[in-house]
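# Structure assessment
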Amino acid sequence: MKTIRRVQQRTQKTAEKIYLSRDEQVQKLRNDGLIIHDEKRAKYRLKWEGYYNFAVGYNRIFRDENRRYYQDTTFEQLEAIYDFDKHLRGIVYEYAQSVECTLKALISDEFSRKYGVKEREYLAEENFTDEPNEKGNVRWLVATCREALRDAVKQGTSGYKDYVAHNAKTYGHVPLWALIRSLSFGNTSKFLKLMKREDKAAIASEYNLSQSMLCNMMEVAVCFRNVAAHGERTFCTLLSSVRLSEKLPIFRSLQIPKKADGTPEYGRSDFMAFLICLKHLLPHGEFAECLRRVRAEVDVLSKSLPPFIMRKVYEQSGLSGAWRKLDIIKIYGN
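Residues numbered from 1 in each chain as written. Predicted model: local features only at pLDDT ≥ 70, side-chain atom pairs only at ≥ 80, totals over all residues. Heavy atoms only, no water.

As a packed pair, helix α15 (residues 284-302) and helix α16 (residues 307-317) sit with axes 10 Å apart at the nearest point and diverge in direction by 155°. When the interaxial angle is binned, α15 and α16 end up roughly antiparallel. Packed against α15, whose contacting residues are Val298, Leu301 and Ser302, the element α16 presents Met310, Val313 and Tyr314 at the interface. Split into classes, the residues belonging to the contact of α15 with α16 amount to five nonpolar, one polar and no charged. (Axes fitted to C-alpha atoms, helices over the stretch in contact; angles between N-to-C directions. Helix = DSSP H or I, 4+ residues; strand = E, 2+ residues; numbered from the N terminus. Parallel < 35°, antiparallel > 145°, perpendicular 65-115°, else oblique. Contact = heavy atoms within 4.5 Å. Nonpolar A, V, L, I, M, F, W, Y, C, P; charged D, E, K, R; others polar.)

In the structure shown here, the tally under the stated rule is 19 salt bridges. For glutamate 79, the salt bridge goes to arginine 45, with nearest N and O atoms at 2.9 Å. Of this pair, glutamate 79 sits in helix α5 (residues 75-115) while arginine 45 sits in helix α3 (residues 39-49); the two residues are 34 residues apart in sequence, bridging distant segments of the chain. Residue arginine 45 is classed as buried on the basis of its relative accessible area, which comes to 6%. The salt bridge involving glutamate 289 is made with arginine 292; its shortest N-O contact spans 2.8 Å. Residue glutamate 289 and its partner arginine 292 are both found in helix α15; the two are separated by three residues, about one turn of the helix. Looking at glutamate 289, the relative accessible area reads 33%, which means it is partly exposed. On the accessibility criterion, arginine 292 (41% relative accessible area) is partly exposed. (Salt bridge = Lys/Arg side-chain N within 4 Å of Asp/Glu carboxyl O. Buried < 20%, exposed > 50% of the residue type's maximum accessible area, 1.4 Å probe, protein only.)

Despite not being glycine, arginine 67 shows a phi value in the positive range, around 65°. Following the sequence through the fold, arginine 67 ends up in the loop between α4 (51-56) and α5. Here aspartate 72, not a glycine, exhibits a phi torsion of approximately 75°, which is positive. Of note, aspartate 72 is situated in the loop between α4 and α5. For aspartate 72, a relative accessible area of 55% corresponds to the exposed category.

Following this line, the structure appears as structure tokens:
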């Protein structure tokens, strides 16, 4: 029994994380097989980006089953994948914001037209879905909106919003187009989901989508926006709580390989899924520019990495099939 306990203690001690100085971090990378030509440059990146964020976060794609870097892997290649993902996060955040802005405009316009501009009128529970399993969510949403209103007019607090306070003070009420600006993208997506079917359908028609498909795409967009906003790895993200519907007609044009069950192997919970959503949610010109920037980032990366590593990038991001032509692929009836 004592022998087992000693072995467990040694195992636990071996697994412990310890602090490493910058010199020790560089030496550890070298010990693991990474080639570092410019030690000063390596220390600079590790200082400003953080060893965990920079090295640990992106080294998996370069390491074998023994956790050793593949032969001839360089620090510059690690830099390339890190910078690629950093730029990708910027693209995701920028265009997710564009989607959010449009959705808020459409919701506030439709809701105000039907239910008025005073919060006492439009924030009534009967203006939302009457599905029994959503009643609790509707109460939560209305309470969240009312709390946002209360916080927004309290000057000197973190929740204060001058545009909300201005409407409340000047007109005695806060129209939804002002209130909705203070809601997060996630809560705006929930607002859409909890609207009445006919109201959701009116908004979905602006995108030429069914209401269920629009809600599904907004969930995917919100998830990727949050990944980017929190600085998490983006190119290899696989969403765990939401999947893009495989029923989208565009999958037929993308030539994406299929799994044994007939569903697309890529494009449902990966970065490709986010691009497919943007294809449907952004104006054509804006999406074309977004895709151009993604293609440019991929092309820069491909010049720095060996082909077998780039194949991993394509697999983990879901960038498969005719993704480069996504801007000119036609969207058939949804």
